[in-house]
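# Topology and contacts: notes
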Amino acid sequence: MDTVLWRRQLLAIVQLEWKKTLFSKRGIWVYVLAFLPALLFGINAYRVKSIRAEQERMSVSAPNASAVSNKIVAGMSADVAAEALRDAKIPYSRFTRGRRLEVIRYNDGANAFDLMFREGALVDKRKRNQALLSDDIRAYAGMFQYFYLRLAIFFGCVGIFMNLFRGEMLDQSLHYYLLAPVRREVLMVGKYLSGLVATILIFGTSTALQLYLMLSAHSNKEVSDYLAGEGWGHIAAYLGVTALACVGYGSIFLAAGIIMKNPMVAAASILFWEGINWFLPAMLKKFSVIFYLQSLCPVVAPLNSDIPEPLKLLVTTAAPISAPIAILGLFTVSIAVLAFASIYVRKLEINYGAD
Amino acid sequence: MSDSATIVFEDVSRFYGEVLGVNRVNLTIPPGITSLVGPNGSGKTTLMNMMTGLVRPSRGTISVRGIAPDDPQALFRIMGYCTQFDSFPRGYTGIQFVTAALLMQGLPAAEAEAKAWKAIEKVNLVEAAKRKVAGYSKGMRQRIRLAQSIAHDPQVLVLDEPLNGLDPLVRSETIALFREQADRGAHVIVSSHVLHEVDMISDQVILLANGYVVAEGEIRGVRAEISDRPHQIVIRCDQPSRMASKLFEHDHVVEVRIHPDRQGLLVKTTDASHFHKLLNKLALDGIYIDTIAPADDDVNSLYEYLIGDEGGN
């Protein structure tokens, strides 16, 4: 085995490929997918800061707001509640929803509330998003597992890894690689590594940015308490899971790009397989990527009670396994997929020119 | 000649589903310039692609100087292939394109770049080397592909329609480059539609039609094998009319045409060796013969005799 030569060739392939992969015009939508959550958390950071500013203003303009708010209890009439708020100089908005429901919305400096009045009497006092870090951590867990892993990284890897071979076939430029004195397996691994460099850079940067934006909205004390506790562990886990998602999905879509002609059929089939992971018997669960990734996520993703039962089943996390087994399992699946793809890459033919 | 010095096709066939690419090809190609000639769809590119491992034979075996085409690591140390696919990896300049191929040979970056410049010099593209390939003219793209295929000094150079898009000056320089490669003992396998160029550059030809090899060998040797077509010979002499009447006395002379300037004639004979003996006799009889030249031992004639109108060339 000429390992020195292979190492040089791998390095050459990665050097040639990674920039091409990273800066491809064809891959702009991958950036959009990757950085959409960062945009959302940026907007959330702005919202949280606004709420915080409002709360600070309230603590000055209405120092007894909390006490007044506590006195608003079920059965109280809308007019009485409004008068109490007015007397305490707490700004509020009053509106109707439908024909019978009246709502008073206010912020007492610590929390935001929606008071729901039916037939003029208070029937429900709902605490709205309080802009707490703990809420954002749970929201992030949901976004990360239901959107970022299952859709953004998934389709990002479709776009990047499938194009490594299939895209070059469409561009009629793959033969340049096949005309080099490089073993096909070495070529495949080189392209896979360049895809990994690109995806880990894109999605890892986005994960880091999302976490930064999520934390940046909160007070220094909240953030330092979180980091002193499990915060750094969460950050490392999210970054690690992001990288492992690229490893797992990357291997699958590289193989799909070599074996299948239509990337959309491959992506849809794999998305379906990953989607039904919850229903699969224990043995089959191990042949998916999401199973291992979800086991490694540091926070259990919340499920909204409004989600219909069938959909809830699809997005529910399977029983997690330990981190070392999950990492080992994911690498085993990825290596098995690449080994399978190497059989095809050895037989790969260039036939895009007419004789 | 040993296997390590020749390219050997043994009973090679390739089918694309139901469609025939090439069928039952048996060839032994020695070093030198070998031209593949045939109409579109005759199997030229299929042969080249199989030789280079881009396509696998459905049946049979191929050996390129003792190396199987499914061993790219060994094959492309000794082989360069200039394909006719006019596409390039996106964003590359000429020098990057050639250097990239050398880097994948495992060469250190500095050595790869030095070799790339040398190859680019050989194809006279130094001035444009730092420009993006996407902005090149067709001829320049052809030359940069050629530079990439010769950059590692291959012993086997496979060139699919390499003269397409080149202007006359560059064509002659490129042909000289092929000759230089052949003279150092390399195999230069060329496919071309331009028959007079094939004639000019080839040491041997392989004629293909409908996926079959219809003839192979040195051009004159191939012509000599074609017995069902009379040989055409041009003679310049002082008494063309007398010579014509003397020639018609022999059965193997089937046609004689006197040249309009009345200084020569075109003869068609079915027996070339008898004909040459006859000319000696006529010369002794007092007819002054200035020159004798075959008129149909070129690729054009071979193509016409063996492939006919199928090629449309």
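Everything numeric here is computed off the predicted structure, so don't read it as measured data.

Reading the values: rules and limits
- Residues numbered from 1 in each chain as written.
- Chains lettered and ligands numbered in written order.
- Predicted model: local features only at pLDDT ≥ 70, side-chain atom pairs only at ≥ 80, totals over all residues.
- Heavy atoms only, no water.
- Helix = DSSP H or I, 4+ residues; strand = E, 2+ residues; numbered from the N terminus.
- Buried < 20%, exposed > 50% of the residue type's maximum accessible area, 1.4 Å probe, protein only.
- Domains from an automatic or database assignment.
- Contact = heavy atoms within 4.5 Å.
- Buried area = accessible area lost by both parts, 1.4 Å probe.
- Salt bridge = Lys/Arg side-chain N within 4 Å of Asp/Glu carboxyl O.
- Polar contact = N/O pair within 3.5 Å; in protein donor to acceptor, adjacent residues only side chain to side chain.
- Core = buried A, V, L, I, M, F, W, Y, C linked by side-chain atoms within 4.5 Å.
- Pairing = 2+ DSSP bridges.
- Right-handed = clockwise from strand over helix to strand, strands pointing away.

This paragraph deals with the environment of Leu 170 of chain A. The topology assignment puts Leu 170 of chain A in helix H5 (residues 133-170). The exposed category is assigned to Leu 170 of chain A, whose relative accessible area is 64%.

Our focus in this paragraph is the domain arrangement of chain B. Domain boundaries assigned for chain B yield domain 1 (3-222) and domain 2 (230-295). Here domain 1 of chain B and domain 2 of chain B have C-alpha centroids that lie 42 Å from each other.

Moving on, we get to the domain arrangement of chain A. In terms of domains, chain A is made up of domain 1 (3-48 + 132-347) and domain 2 (55-127). Taking only C-alpha atoms into account, the centre of domain 1 of chain A sits 45 Å from that of domain 2 of chain A.

A few words on the interface of chain B and chain A. Taken residue by residue, the interface counts 36 residues in chain B and 33 residues in chain A. Summed over both sides, the interface of chain B with chain A buries roughly 3000 Å², with 55% coming from carbon and sulfur. When the buried area of chain B at its contact with chain A is split by residue, Leu 54, Gln 73 and Met 104 of chain B rank highest and sum to 26% of it. At the surface where chain B touches chain A, the tally comes to two salt bridges. Linking Arg 90 of chain B and Asp 171 of chain A is a salt bridge whose minimum nitrogen-to-oxygen distance equals 2.8 Å. At the boundary of chain B with chain A, the tally comes to 13 residue pairs in polar contact (both at pLDDT 80 or more).

Looking now at the nonpolar core. Note on soluble globular proteins: their nonpolar side chains tend to be buried together. Ranked by internal contacts, the top residues of the largest apolar core, which has 151 residues, are Phe 165, Tyr 249 and Phe 253 of chain A together with Phe 9 of chain B. Residue contributions to this core peak at 19 residues, all from H5 of chain A. Apart from residues lying up to four places away in sequence, Phe 253 of chain A is in contact with Phe 154, Cys 157, Val 158, Phe 161, Met 162, Ala 267 and Ile 270 of chain A. In this structure, Met 58, Ala 82, Tyr 106 and Leu 115 of chain A belong to the second largest nonpolar core, which totals 18 residues.

Let's shift gears to the pattern of salt bridges. Residue and element names in this part refer to chain B. Applying the stated rule across the entire model yields 23 salt bridges over all chains. A salt bridge links Asp 86 to Arg 145, with the nearest nitrogen and oxygen atoms 3.0 Å apart. Of this pair, Asp 86 sits in the loop between strand S5 (79-82) and helix H3 (94-103) while Arg 145 sits in helix H5 (residues 138-150), placing them 59 residues apart in sequence. Linking Arg 236 and Asp 261 is a salt bridge whose minimum nitrogen-to-oxygen distance equals 2.8 Å. Within this pair, whereas Arg 236 is found in strand S10 (residues 231-237), its partner Asp 261 is found in the loop between strand S11 (253-258) and strand S12 (264-269), the two being separated by 25 residues in sequence. Arg 236 sits in the partly exposed class, given a relative accessible area of 27%. A relative accessible area of 34% means that Asp 261 is categorised as partly exposed.

Before going further, it helps to examine the pairing of strand S7 (residues 187-191) of chain B. All names here are of chain B. Judged by how many residues are buried, S7 sits mostly within the fold: five of five residues are covered. Taking every second residue as pointing to the same face, both faces of S7 are buried, with His 187, Ile 189 and Ser 191 on one and Val 188 and Val 190 on the other. Strand direction decides the pairing type here: strand S3 (residues 32-37) and S7, joined by five bridges, are parallel. Bridge pairing links Leu 36 to Ser 191 in S7. Relative to S7, strand S6 (residues 156-160) runs parallel, the two being bridged by five bridges. Residue pairing in the sheet places Leu 157 in a bridge with Val 188 of S7. With respect to chirality, the unit in which S6 leads through helix H6 (residues 168-183) into the neighbouring parallel S7 is right-handed.

Backbone geometry places Glu 119 of chain A, a non-glycine residue, at a positive phi of 55 degrees. What makes Glu 119 of chain A exposed here is its relative accessible area of 61%.

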